[in-house]
Every structure is written in structure tokens, then in C-alpha cells.
Amino acid sequence: MNIDRQELVRQAKKGSTQAFAALYEEIYMDLYRFAFYTMKQPQDAEDAVSEAVMTAFEKIGMLKKADAFKSWMFQILVNQCRKKLKQKERQQQLGQEEEPYLAADPGTTLSLREAFEQLSDQERMIVALSVFGGYRSGEIGEQMGLPAPTVRSKMSRAFQKMRRFLGEEESI
């Protein structure tokens, strides 16, 4: 039986774990890829997605528009990734070593992952929201508290950095 998204959201708001799981299943890979490229570590990405999903399930009643489920989930994940990145930064400042990088997204070549790592945390987040989340600069700006033109210029510079790293003149 094919149930539409609005019905799934309605059921999830009533506490249906099956309805929430069906909604989550539609966007899991986009969420994971965003988290992976933002966090750089597979286990950190999995943790961020898991925590975002738990938060979303607890707060599904706050979702106003059923059609906004994906962007609402991404906003929760963005906030979770920011929180984890700050924690990681504090740990590094306290002298705790970061775990070695483990590649875990087989759909991406190593050189592209390395190019992505050349970006700042903010640039990674902007590019990941655009590429994996499918968001436009205005939407990204709303999520990150930046004006849309600033997002566009940062995204452009990020892609230029990646192209330089990859030694390409063509656009990514």
C-alpha cells in the first residue's frame, strides 16, 4: 500500500515508528552523505545521523508542513554536525588526538574526498547541503544564518579550491 508523505507525517506525529521509518528511509543516504562529508569520519557521520534521527522522532510534532520533512531533517542534522564539530575542536585543543581518517563512501573517488577535505568546515557544509541535500543558496543561507549571496560566493570559492586541488579547469 502506497501511503503519501503527508499521511506518513500525520501518522508519525501520532507516534508511529513505522511511518517515521518510512519517511527516514527516503532520505537516509542524503543525510549520511551530508554528515560524512561534513564530519570526515564514518563513525562521526553515523553518530550525527543517529542523534539527528532521535531528535527528529522526539520532535516530529513540531513539524508544521509535511512537505518540509526533508529540509526539517537536514536542519536538525546541520545543527547536530555543528555541535559535534565544536566538540571535536575542543577535544583537539585539549590535546586529544583525532582518529585517523577512514574512507567509507565507496561512491566517491579518493581524490574527490581529499579535495573535499581541503575545504573549511563551513565550506564543506555549504557544498554538502547543495550537492547532497539539493538546497539552493537561499535555503542554505537560512539554515546557516548567512545571506544567499554570501552562500553563493562561498560555494563558488569552495568549488574553485576543489578544482585547484584536483588540477581541473572544468567545473565540478
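Above this text is the structure in question.
This structure is a prediction, so every number in the text was calculated from the model and none was measured. (Residues numbered from 1 in each chain as written. Predicted model: local features only at pLDDT ≥ 70, side-chain atom pairs only at ≥ 80, totals over all residues. Heavy atoms only, no water.)

1. Remarks on the layout of surface pockets
Okay, step 1: Considering only enclosed or pocket space, the second largest pocket measures out at about 240 Å³ in volume.
Okay, step 2: At three residues, helix α4 (residues 69–93) tops the list of elements feeding residues into the lining of the second largest pocket.
Okay, step 3: Of the residues assigned to the lining of the second largest pocket, the class counts are five nonpolar, two polar and three charged. (1 Å grid on protein atoms, 1.4 Å probe; cavity = no way out; pocket = protein on both sides within 12 Å on 5 of 7 lines; lining within 4 Å. Points joined across faces, edges and corners; volume = space filled by probe spheres on them. Helix = DSSP H or I, 4+ residues; strand = E, 2+ residues; numbered from the N terminus. Nonpolar A, V, L, I, M, F, W, Y, C, P; charged D, E, K, R; others polar.)

2. Concerning the packing of aromatic side chains
Okay, step 1: Counting across every chain of the model gives nine aromatic pairs.
Okay, step 2: Ring geometry for Phe20 versus Phe57: centroids 5.2 Å apart, planes at 75 degrees, classification edge-to-face. Of the two residues, Phe20 is situated in helix α2 (residues 17–39) and Phe57 in helix α3 (residues 42–59); the sequence distance between them amounts to 37 residues.
Okay, step 3: Measuring from centroid to centroid gives 5.1 Å for Phe36 and Tyr37, while their planes differ by 85 degrees, and the two rings are edge-to-face. Both residues of the pair, Phe36 and Tyr37, count as buried.
Okay, step 4: Among the aromatic residues, ring-to-ring pairing joins Tyr24, Tyr28, Tyr32, Phe36 and Tyr37 into one connected group. (Phe/Tyr/Trp six-rings, centres within 6.5 Å; stacked < 30°, edge-to-face > 60°. Buried < 20%, exposed > 50% of the residue type's maximum accessible area, 1.4 Å probe, protein only.)

3. A few points about the pattern of salt bridges
Okay, step 1: Taken as a whole, this structure holds seven salt bridges when the rule is applied.
Okay, step 2: Linking Lys70 and Asp30 is a salt bridge whose minimum nitrogen-to-oxygen distance equals 3.4 Å. Of this pair, Lys70 sits in helix α4 while Asp30 sits in helix α2; the two residues are 40 residues apart in sequence, bridging distant segments of the chain.
Okay, step 3: Look at Asp30 and you get partly exposed, because its relative accessible area is 22%.
Okay, step 4: With a shortest N-O distance of 3.4 Å, Glu51 and Lys84 are connected by a salt bridge. Here Glu51, found in helix α3, pairs with Lys84, found in helix α4; they are 33 residues apart in sequence, far enough to count as distant.
Okay, step 5: Using a relative accessible area of 14% as the deciding quantity, one classes Lys84 as buried. (Salt bridge = Lys/Arg side-chain N within 4 Å of Asp/Glu carboxyl O.)

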